[in-house]
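The primary structure of each chain is shown beneath.
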Amino acid sequence: MTEHDITLTVNGTDHELTVEPRTLLVHALRDELGYTGTNVGCESSLCGACTVHLDDDAVKSCTVLAVQADGATIETVEGLAEDGEFHPVQSGFQEEHGLQCGYCTPGMMMAATDLLEENPDPSREEIREGLEGNLCRCTGYQNIVNAVENAADEMHAGAVADGGCPADAADGSGSCCGSDAGDVRWPEDGGESE
Amino acid sequence: MYPDEFDYYEATTIEEAIDLLEDNAMEETELLAGGHSLLPAMKTGLSSPDVLIDIGEVDALHGVAVDDETLEIGAMNRYSDVLGSEDAREHAPALTAAIERVGDRQVRNRGTIGGNLAHADPASDLPGAALVSDATLVVQGPDGERSIPADEFYYGMYATDLGPAEILTKIEVPSAADAVGTYAKKPSPSSGYAMVGVAALLTVDDGTVESARIGANGAMDHGVRLDPVEEALVGESLDEETIATAAGHATDELDTALMMDDLQASGEFRAQLLEVYTERALEAAVDRAAAPAAAD
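About the cut-offs
- Residues numbered from 1 in each chain as written.
- Chains lettered and ligands numbered in written order.
- Predicted model: local features only at pLDDT ≥ 70, side-chain atom pairs only at ≥ 80, totals over all residues.
- Heavy atoms only, no water.
- Domains from an automatic or database assignment.
- Contact = heavy atoms within 4.5 Å.
- Buried area = accessible area lost by both parts, 1.4 Å probe.
- Salt bridge = Lys/Arg side-chain N within 4 Å of Asp/Glu carboxyl O.
- Polar contact = N/O pair within 3.5 Å; in protein donor to acceptor, adjacent residues only side chain to side chain.
- Helix = DSSP H or I, 4+ residues; strand = E, 2+ residues; numbered from the N terminus.
- Nonpolar A, V, L, I, M, F, W, Y, C, P; charged D, E, K, R; others polar.
- Pairing = 2+ DSSP bridges.
- Axes fitted to C-alpha atoms, helices over the stretch in contact; angles between N-to-C directions.
- Buried < 20%, exposed > 50% of the residue type's maximum accessible area, 1.4 Å probe, protein only.

### Points about the domain arrangement of chain B
Residue and element names in this part refer to chain B.
Point 1. The domain boundaries assigned to chain B delineate domain 1 (7–54), domain 2 (61–174) and domain 3 (180–295).
Point 2. With centres defined by C-alpha atoms, the gap from domain 2 to domain 3 works out at 20 Å.
Point 3. The interface of domain 2 with domain 3 comprises 23 residues on the first partner and 25 residues on the second.
Point 4. Counting the surface lost from both domain 2 and domain 3, the interface buries some 1,800 Å², and carbon and sulfur atoms represent 60% of this.
Point 5. Among the ionic pairs, D125 bridges to K185, the shortest N-O distance being 3.1 Å.
Point 6. Where domain 2 touches domain 3, the interface holds 10 residue pairs in polar contact (both at pLDDT 80 or more).
Point 7. Breaking the side of domain 2 that touches domain 3 down by element, the ones donating at least two residues are α5 (93–99), α8 (126–132) and β8 (154–156).
Point 8. Among the elements that take part in the side of domain 2 that touches domain 3, α8 stands out by supplying 6 residues, more than any other.
Point 9. Here the side of domain 2 that touches domain 3 is built from residues that sort into 14 nonpolar, 4 polar and 5 charged.

Here it is, written out as C-alpha cells:
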C-alpha cells in the first residue's frame, strides 16, 4: 500500500497532505486539516451530515476518497461566512430555528447552498427534493424548509439591492420576481408580466 | 468506517486503465468510477479489493454527443452531467427520467451512469430504462472494442457480459426524441434503492399508442422487459382502461418464484408492486404526452 501526496484547496487555502488510499475525504478534512465543521453521520452516504462542495457541487464526503479529490476545490461550512458576516443560508437557519441539536446543520446548509445556486427561487417542494439526501432527527424538516426559503428571499433581496432584479416587479410577496413558474422573471427580456 | 487497505492507481487514458487491469489480473481489482456503490460496499466489508483503478478522470469517458440520430453518453458522466445535457433529455427521455430518481442530489453529483450500469445492481434505477431505450453498451478491452445490446449485457445480480480486463466506455441510445419517457419507482424507505421501478417509452399519435417499450428493475435479479404490457398497449387508445388492463399483465411472463425476495418486500409483494408501478409509469406518460400538445 503506497501513500499518496495530494493537494486540496479548502475554503480558498491550499493544503498539501499525504494520505493512505483508503482515507475518506471527510477524515482528511476533519482529522488531517482540522475542518471539523463537517460532521460524520451515518458513514454510508445516506444522512448527508458530511456534505461539502467538491468543485462547486454538493457531495457526501464520506463516500469520496481523499485521493480522488486530489487537486480539487473544496468548500466546507467554515467557508460560508464572509468577513464575519453569516451567509444568508446561515442567517436563515438562525432566523427560522432550522436546527435543534445542530448535527445535521452543516450538511443541510451545504446542500441548500448547492440547491440555491442551481435554483435561486425554489418552491417548498423543490426545497424538500433538494434536501432529500440530508436527514434530520430533530426538527421534522418544517423549519429547515422555512430556513432555506428565508435564505432564498434574502439572497434575492441582495440581488435587487445590487440592481440585479427589476424593482418594479415587487409584489410584496417577499420574492420580488414572484415564485410561480408562470411569472416572467425578467420583464426586460421580453414577454409581459402578469 | 474505513475500508480495508488497497493500492490506488489513477488512469488517465482508457488504454492505461486496460493495462492496469491486465497488470493486476492476479489481484482482486476493481475499477473506481464515482464510487457510490463500491465505496459503501468496501466500508461495510462486503468488498475488499486489493487494487482500485480510478477511471473517473479519463477524458475519453466523458462528454455527451448526438451523432446521426444516436445519443452517445460517455460512461464516466455523472448523473448530474447527463441531466444537465439538453441532448440527453431530448433523445433519451426514459433514461433521464430514471436518472432523476437515482439517490439524492449529492449522489447524483458524484455517481456515474457507467458505474451504475456496470455494477448491475438489480435494485438500481437504470437497467429498466436502458432496456426500453434500446441502449447499446460499448466496451473496450485488450482485444479492442465491442458493442453489447442492453438486453444481452446483464446476466444476473452484479453479473454482466463485461470481461475481466474490459471497461464500459460509452452508452449509445437511438434517438427517442418523438417518444415520451417516464419512470415510476417504489423506493426502499431506508436505502432509496428501487424495490420496484418501471420505465416506459411510448410513442403516441393522436391518443393512440404506436409503440411501447416497458422495462422493470428491482423485481427480478436483473432488468427485464415487460412484453405482455407492451402488447396490450400498442394500437390502443392511451386511456385509463387500457392502462389498467396493460398493467395487469406486468407479471405474466415473469417467473414470480424467482422474484427478488428480502426483508423489505417479499416476492409476492413485489409482483403486486410491479403492476401498480407499471400503471403509474403509464399514467405519467399520459401526462407527459399531453404536455407538448398543449404547448403547440
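### Focus: the sheet that holds strand β6 (residues 136–141) of chain B
All names here are of chain B.
Point 1. Within the open sheet, the 5 strands sit side by side as β4-β5-β10-β6-β7. Their pairing is antiparallel. Two strands in the sheet have a free side with no partner beyond their single neighbour: β4 (64–67) and β7 (144–149). Taken over all neighbouring pairs, the strand axes of this sheet differ in orientation by 25 degrees on average, direction set aside.
Point 2. Of the pairings in the sheet, the one linking β6 to β7 comprises 6 bridges and is antiparallel in character. Across the sheet, the residue bridging to G141 is G144, located in β7.
Point 3. Contacts between helix α1 (residues 14–23) and the sheet are confined to β6 and β10 (167–174), with β10 contributing the most and set at about 130 degrees to the helix.

### Notes on the environment of N24 of chain B
All names here are of chain B.
Point 1. Relative to the elements of secondary structure, N24 occurs in the loop between α1 and β2 (29–32).
Point 2. A relative accessible area of 11% means that N24 is categorised as buried.
Point 3. The contacts of N24, once residues within four sequence positions are left out, are Y9, T29 and V51.

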